[in-house]
Amino acid sequence: MGRQYGAIVHGRRVDTDVASTVETRPVEGGRVVALVAVQGNLATPSLESVKGALARVARVIDGTVATLAAAAPPPPYASGVAVVLLFDDVAHVATTGGARCYRERGGVLEQLAAGVHDARSGDAFVAASHASLHVGRAFFTMAIQAAADAEFRNDALDAALASALAPYPEFVAVAAARIS
């Protein structure tokens, strides 16, 4: 299966900061891709804490994603962390505070509970710094072009994410992956 990735910050900063990233690393049994979005007074250093924890992951097991979400400092430094780990044909999901994770399947966005969820062709996964995405309808509203020039490219979904977030007035950071 092919995959496209993106991470952007949308809106204008109000009272808290946000940050997001897409990271990949080899682990036992393959490669893991992490979608991470953080909100808080120190969102960027908090994001770096999560990335540091990801760098120490040797294999993906139950609880790995919860450990990553908990790696950020406590509120108000990180008042919300959303992490989606894509490994094999599943997505491991964990959140803290006001951050949320979503999956768009069949043109319908749904909020995901913590745990393991199947990942099918056509699915898109989103880690969002805030719980402001509208569920029950399509999130991506424009065609998504696959990256053909690199195996892993962070900006392949950026235009689609910018378009999807255009109607949202809220300040939000998102990291996303689409499986094709």
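Each remark here, short or long, concerns the structure printed above.
Computed from a predicted structure; not experimentally measured.

## Focus on the overall build of the protein chain
Per the secondary structure count, the protein chain includes three helices and 10 strands. For a compact globule of 180 residues, the expected C-alpha radius of gyration is about 16 Å, and the protein chain comes in at 15 Å, within 12% of that figure. Seen through its C-alpha atoms, the protein chain measures out along the principal axes to roughly 40 × 40 × 30 Å. Scored against the burial criterion, the 180 residues of the protein chain give a buried share of 47%. Expressed as a percentage of contacts within the protein chain between residues at least 6 apart in sequence, the contacts between residues at least 24 apart total 66%. If you average the places of the 15 positive and of the 17 negative side-chain charges in the protein chain, the two averages end up 2 Å apart.

## So, the pairing of strand β9 (residues 124-128)
Counted residue by residue, β9 has five buried out of five residues, so it is predominantly covered. Burial along β9 is two-sided: the face carrying Ala124, Val126 and Ala128 and the face carrying Phe125 and Ala127 are both buried. In the sheet, strand β6 (residues 100-105) pairs with β9 via five bridges, with the strands oriented antiparallel. Bridging from a neighbouring strand, Tyr102 pairs with Val126 of β9.

## Observations concerning the sheet that holds strand β4 (residues 80-87)
Here five strands make up an open sheet; going across it, the order is β2-β3-β4-β5-β8 and the pairing antiparallel. Because the sheet does not close on itself, it has two edges, and the strands there are β2 (17-27) and β8 (115-118). Going across the sheet, the axis of each strand differs from the next one's by a mean of 20 degrees, ignoring polarity. Together, β2, β3 (30-40) and β4 form the strand contacts of helix α1 (residues 43-55), whose direction differs from that of β2 by roughly 10 degrees.

## Some points on the nonpolar core
In terms of nonpolar packing, the biggest core is built from 23 residues, with Leu68, Val81, Val83 and Leu85 touching the most fellow members. Only β2, β3, α1, α2 (64-69) and β4 provide two or more residues apiece to this core. With five residues, α1 is the single largest residue contributor to this core. Here Leu85 is in contact with Val32, Val33, Ala34, Leu54, Thr64, Val65, Leu68, Val90, Ala91 and His92, once residues within four sequence places are set aside.

## Observations regarding the pattern of salt bridges
Opposite charge on two side chains makes pairing possible when the charged atoms of those side chains draw close. The tally for this structure, following the rule as stated, stands at seven salt bridges. Between Lys51 and Glu23 there is a salt bridge; the shortest N-O distance is 3.5 Å. Of this pair, Lys51 sits in helix α1 while Glu23 sits in strand β2, and the two are 28 residues apart along the sequence. According to the relative accessible area criterion, Glu23 is partly exposed, its value standing at 22%. Asp118 is the salt-bridge partner of Arg103, the closest N and O atoms lying 3.2 Å from each other. Of the two residues, Arg103 sits in strand β6 while Asp118 sits in strand β8, which places them 15 residues apart along the sequence. For Arg103, a relative accessible area of 7% gives the class buried. We classify Asp118 as partly exposed; its relative accessible area is 32%. One continuous salt-bridge network, built from bridges that share partners, spans Arg103, Arg105, Glu110, Asp118, Arg120 and Asp123.

Quick notes on the rules
- Residues numbered from 1 in each chain as written.
- Predicted model: local features only at pLDDT ≥ 70, side-chain atom pairs only at ≥ 80, totals over all residues.
- Heavy atoms only, no water.
- Helix = DSSP H or I, 4+ residues; strand = E, 2+ residues; numbered from the N terminus.
- Rg over C-alpha atoms; globule rule 2.2 N^0.38 Å.
- Buried < 20%, exposed > 50% of the residue type's maximum accessible area, 1.4 Å probe, protein only.
- Contact = heavy atoms within 4.5 Å.
- Lys, Arg positive; Asp, Glu negative; His and termini not counted.
- Charge placed at Lys NZ, Arg CZ, Asp CG, Glu CD.
- Pairing = 2+ DSSP bridges.
- Axes fitted to C-alpha atoms, helices over the stretch in contact; angles between N-to-C directions.
- Core = buried A, V, L, I, M, F, W, Y, C linked by side-chain atoms within 4.5 Å.
- Salt bridge = Lys/Arg side-chain N within 4 Å of Asp/Glu carboxyl O.

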